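Coordinate analysis (summary)
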Amino acid sequence: MWSYFWHIALIALLTLGQLTTSIQLDINDPDSIKDAAATAAYGMMTYYHGNESGQIPGKLPGTWWTGGEVFMALVQYWYWTGDTSYNDVTKQALIWQKGHNDYLPDNYTQDLGNDDQVFWGLAAMTAAELNFPEDEEVSWLALAQGVFNTQADKWDPDTCHGGLRWQRNSWNGGYDLKNSVSNGGFFQLAARLARYTKNETYTEWAEKAFTWATSVPLIIEKGWTINDLVTVESNCQAPNQMQWSYNYGIYFNGAAYMYNLTNGDTKWKNVVEGLLNTTWRNFFPQEYGGNIMVEPCEPQKPGVVPCDGNQSTFKSLVTAWLAFTTTVIPETLDQILPKLQGSAEGAAKQCSGPSPDKICGQRWFLDKYDGVTGLREHMCALSVFTANMVPFKTGNRDQGPLTADTGGTSKGDPSAGTGSRKPEKDKPREITTGDRVGASIVTVVVVEQWKKTEIEATVLLMVNADRMKLGPHLRGIIFDCYPGDTSFSRAYQAAAVLSPSHHAPAQALGKLLLYPAIGLITSLQRTGLMSSVSQLRSELNDSAVFGAAAKRLYLYSTADQMVRWVDVESHLADAKARLGCRAEGIAFPDSPHCAFVRDHADRYWDTIDRFWAGREVSTPGAMMSGQLGGGLDDRLRSRI
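Residues numbered from 1 in each chain as written. Predicted model: local features only at pLDDT ≥ 70, side-chain atom pairs only at ≥ 80, totals over all residues. Heavy atoms only, no water.

**Some remarks on unusual backbone geometry**
For the record, the criterion: Numbering of helices and strands starts at the N terminus; helices are DSSP runs of H or I of at least 4 residues and strands are runs of E of at least 2.
You will see that Asn 131, though not glycine, has its phi angle at about 55 degrees, which is positive. Its location among the elements puts Asn 131 in the loop between helix 5 (114-129) and helix 6 (140-152). In this structure, Cys 160 takes a positive phi of about 60 degrees despite not being glycine. Position of Cys 160 among the secondary structure elements: in the loop between helix 6 and strand 1 (177-179).

**Points about the confidence of the model for the protein**
How we decide: pLDDT is a per-residue confidence score from the predictor, ranging from 0 to 100. Contacts were defined at the residue level, with two residues in contact if any of their heavy atoms lie within 4.5 Å.
Mean pLDDT for the protein: 82, with 75% of residues reaching 70 or above. Low pLDDT, under 50, characterises residues 4-19; the stretch is placed with 22 contacts to residues that sit more than four places away or in other chains. Within the model, pLDDT remains below 50 along residues 626-640, and this stretch shows 22 contacts once partners closer than five positions in the same chain are excluded.

**Considerations on the pattern of salt bridges**
Our working rule: Every case where a carboxyl oxygen of Asp or Glu lies within 4 Å of a side-chain nitrogen of Lys or Arg is listed as a salt bridge. Three labels apply to residues, based on accessible area from a 1.4 Å probe with only protein chains included: buried if under 20% of the type maximum, exposed if over 50%, partly exposed otherwise in between.
If you walk through the whole model with that rule in mind, you get 11 salt bridges. As a salt-bridge pair, Lys 267 and Glu 207 come within 2.7 Å of each other at their nearest N and O atoms. With a gap of 60 residues between them, Lys 267 in helix 10 (residues 266-283) and Glu 207 in helix 8 (residues 200-215) connect regions that are remote in the sequence. The class for Glu 207 is partly exposed, based on a relative accessible area of 27%.

**As for the sheet that holds strand 5 (residues 239-240)**
Rules: In this scheme, strands are said to pair when DSSP sees at least two bridges between them.
Overall, antiparallel pairing links the 3 strands, which are arranged 1-4-5 in an open sheet. Edge positions in the sheet fall to strand 1 and strand 5, since each of these pairs with one other strand and no more. Bridge analysis of strand 4 (residues 229-231) against strand 5 gives 2 bridges, and the strand direction is antiparallel. When the sheet's bridge partners are listed, Leu 229 is paired in strand 5 with Asn 240.

**A closer look at empty space enclosed by the protein**
Over the atoms a probe the size of a water molecule is rolled, and this reveals where empty space is left. Short version of the rule: Only protein atoms enter the 1 Å grid, on which a cavity is a set of points fitting a 1.4 Å probe that cannot get out and a pocket is an open set with protein on both sides within 12 Å along at least 5 of 7 lines, lining residues being those with an atom within 4 Å of a point. Grid points are joined across faces, edges and corners, and a volume is the space filled by probe spheres set on the points. Classes in brief: Ala, Val, Leu, Ile, Met, Phe, Trp, Tyr, Cys and Pro nonpolar; Asp, Glu, Lys and Arg charged; the others, Gly included, polar.
In the structure shown here, the tally under the stated rule is 3 cavities of 30 Å³ or more. Space inside the largest cavity adds up to approximately 60 Å³. Forming the walls of the largest cavity are Gln 76, Thr 126, Glu 129, Leu 130, Arg 192, Asn 253, Tyr 257, Trp 321 and Phe 324. Breaking the lining of the largest cavity down by element, the ones donating at least two residues are helix 5, helix 9 (245-261) and helix 11 (314-328). Classifying every residue of the lining of the largest cavity by side-chain character gives 4 nonpolar, 3 polar and 2 charged.

**Some words on the nonpolar core**
Quick note on the threshold: The nonpolar core is taken to be a set of buried Ala, Val, Leu, Ile, Met, Phe, Trp, Tyr and Cys residues, with the residues joined through side-chain atoms within 4.5 Å.
By size, the foremost hydrophobic cluster in this structure holds 134 residues, and its most contacted members are Phe 119 and Phe 385. The next biggest cluster of nonpolar side chains, apart from the first, holds 19 residues, and it includes Ile 477, Tyr 482, Tyr 556 and Ala 575.

**Side note on the packing of aromatic side chains**
The following threshold applies: Only the six-membered ring of Trp is used, alongside the rings of Phe and Tyr, when aromatic pairs are assigned; centres must lie within 6.5 Å, and planes under 30 degrees apart are stacked while those over 60 apart are edge-to-face, with the rest tilted. Only lysine NZ and arginine CZ atoms are considered, and such an atom sits over a ring when it is within 6 Å of the ring centre and within 35 degrees of the ring normal.
With the rule as written, the count across this model stands at 31 aromatic pairs. Both rings, one in Phe 210 and one in Trp 268, keep their centres 5.1 Å apart while their planes meet at 65 degrees; by these two values the pair is edge-to-face. You can see Phe 210 sitting in helix 8 and its partner Trp 268 sitting in helix 10, a full 58 residues away along the chain. The pair formed by Phe 210 and Trp 268 is uniform in burial state, with each residue classed as buried. Among the aromatic residues, ring-to-ring pairing joins Tyr 48, Trp 64, Phe 71, Tyr 103, Tyr 108 and Trp 120 into one connected group. Over the ring of Trp 364 we find Lys 315, and its NZ or CZ is 3.8 Å from the ring centre. Over the face of the ring belonging to Trp 280 we find Lys 339, whose NZ or CZ atom lies 5.2 Å from the ring centre.

**Quick notes on the pairing of strand 8 (residues 476-480)**
Most of strand 8 is tucked away: 5 of the 5 residues are buried. Every second residue of strand 8 is oriented toward a common face, with Gly 476, Ile 478 and Asp 480 on one face and Ile 477 and Phe 479 on the other, all of them buried. Judged from the 5 bridges that link them, strand 8 and strand 9 (residues 551-557) form a sheet pairing that is parallel. Opposite Ile 477, over in strand 9, you have Arg 552 as the bridge partner.

**Some thoughts on the environment of Glu 287**
Under the convention used in this document: Side-chain atoms alone can form a polar contact between residues adjacent in sequence; in general such a contact is a pair of N or O atoms within 3.5 Å, and within protein one must be able to donate a hydrogen while the other accepts it.
Checked against the element boundaries, Glu 287 lands in the loop between helix 10 and helix 11. Note on Glu 287: relative accessible area 52%, which makes it exposed. Each C-alpha atom, one on Glu 287 and one on Phe 365, is 9.5 Å from the other, the two residues being 78 residues apart in sequence. In terms of polar contacts, Glu 287 uses its side chain to reach the side chain of Lys 301, at 2.9 Å.

**Some remarks on the pairing of strand 10 (residues 583-588)**
Among the 6 residues in strand 10, 6 count as buried, and that is most of the element. A two-sided burial pattern is seen for strand 10, the buried positions comprising Ala 583, Gly 585 and Ala 587 on one face and Glu 584, Ile 586 and Phe 588 on the other. Here strand 9 pairs with strand 10 via 6 bridges, running parallel. From the neighbouring strand, Tyr 556 faces strand 10, where its bridge partner is Ala 587.

**So, helix 3 (residues 65-81)**
The α-helix winds at 3.6 residues per turn, so residues separated by three or four positions along the chain end up facing the same way. What counts here: To estimate the expected span of a helix, count its residues, drop one, and scale the result by 1.5 Å.
Its 17 residues place the ends of helix 3 25 Å apart at the C-alpha level, agreeing with the 24 Å of an ideal helix rising 1.5 Å per residue. Positive phi appears at Gly 82, one or two residues downstream of helix 3, with a value of about 80 degrees.

**Considering the state of the cysteines**
The following threshold applies: For the purposes of this analysis, a disulfide is any pair of cysteine sulfur atoms at a distance within 2.5 Å.
Inspection of the entire model under this criterion finds 3 disulfides. Sulfur-sulfur distance for the disulfide between Cys 160 and Cys 236 comes to 2.0 Å. Because the torsion about its S-S bond is 85 degrees, the bridge between Cys 160 and Cys 236 counts as right-handed. Here Cys 236 lies in the loop between strand 4 and strand 5 and Cys 160 lies in the loop between helix 6 and strand 1, a separation of 76 residues in the sequence. The residues Cys 160 and Cys 236 share a single accessibility class, namely buried. Disulfide partner of Cys 351: Cys 360, at an S-S distance of 2.1 Å. Judged by the sign of its S-S torsion, about 105 degrees, the cystine formed by Cys 351 and Cys 360 is right-handed. There is no split in this pair, since Cys 351 and Cys 360 are both buried.

**Considering the environment of Lys 315**
Its location among the elements puts Lys 315 in helix 11. Classification of Lys 315 by relative accessible area gives buried; the value is 3%. When the C-alpha positions of Lys 315 and Ser 343 are compared, they lie 9.7 Å apart, and in sequence the two are 28 residues distant. If near-sequence neighbours (up to four positions away) are discounted, Lys 315 is found in contact with Met 293, Glu 295, Glu 298, Gln 362, Trp 364 and Cys 380. Polar side-chain contacts of Lys 315 include one of 2.9 Å to the side chain of Glu 298.

Now the structure itself:
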């Protein structure tokens, strides 16, 4: 009992003792920029364990494509700063994941999207253009060519007169979509290969890919808007109009390479100028001064859904692409550099967290660390810091991006990725009995429990995690009395359960001491110095964690004093809004926390059986979500 409370106090004191000031950045001093970049790079790599014994080089937990971003950022870090600290681990990752010289490794190929693959291809292309050291066993240029060849083979003229589908394989969710980032990645890769090799085939493909994107409502030339995706079912005429920065970046950077290749063709100049202007309006809002990059999911405003794991990386990509746009179109430097400088100064203020692995936050427009941290936030800071080395590198004889004619040393293989062995089968593999059994039982059960005042999510997975991503293979997720909110009262009630019930004086003293302890922890969570329930709630609705296809069942009670029904229903509504998934809720009217099996065993298990079978889960005596008096929005407003 007493050791438990001293444990809480010790954690709190140690945490407070780790508070740091922000990175001290002088944007006009290259050494200061390099120091800032080194700090961010170190913080980012504290999350990477692929170079450790028994781990997989290049692979990050829960994601494959982000590895391409990470090691592309490290190639750029080496180029802009000259620091070779991470060269070996970068080279190891880029080689390990190369598959059959096409970045379609056997362990992940059946579950990859075209966008997943192309980011590794762009990382290899960046390594080639910057003369990143390579070994005899691999050519960065050949790897980029292998990606191009396998993607060109996926060009789909049978629907919408062309374009790439989002997913490479018909059995994956999203195969019926054609999105901007997949097609933009292919366009940019083709443009960069065309410039590097002067091979007309790449030039023709770049032109073809861009023309197709403007023929459907992905790129709207009037006003230079880029929509996120179109559906094959609508003949690619029904766009999702979500605005994301990396869609703009992937196209304006590709267009910049085409402008350079064509010696200033007016067509490509107009594309670059138009897309940059929209980028400034959408992602460098005047509300924050006009020179700080802000993703639409970052402001904490009503109706704004927090960034998921993918969206949290976009600033890394866009700031790097802005930097390289200035190198292939030098006249853009005057308008781009102030944006990079303002963003870097904002990032430096955000990099004021409590420890090396939590030093950089997410929202650059805030003057203080926001507590939203991780590998992705450090990667974004790293990229914007290194991008600000542009004015100090300009004019150097070895300035990249290089070509085969200007000093690039990587030797290509135009036939890479086109060998007799195909990385994917033309038809989906045969479904085995094991697959059917697995599909029927792969349900994630999230159980809320308190242990030393920390909420743990217990995830039971009956699937081989090394074989493929989790999301596409989940069929159902059950949330039982979960998730709750971040209030002091609920935290106190949950922790009070741990106090000794057999000894009244000790119980009374324990509850008394809980008040300051829980108060301190709640404060630390709200300031971002400790992980919080709100972060966990958001991550459970992150498509990068569980995907977006699995149906969801929320079980909760109006009598639960620890996890209120309004908090569960708000999470259910957020899942529908963010993921577009099927989500249902059953409210048991009179059971305390996690007591459904005890109080309503028959109804509880009947609901589970119906959910498994895909039938309507509503049962006699149970209330569906939304039947507890007024609409959800009204009930939430009543809490404010």
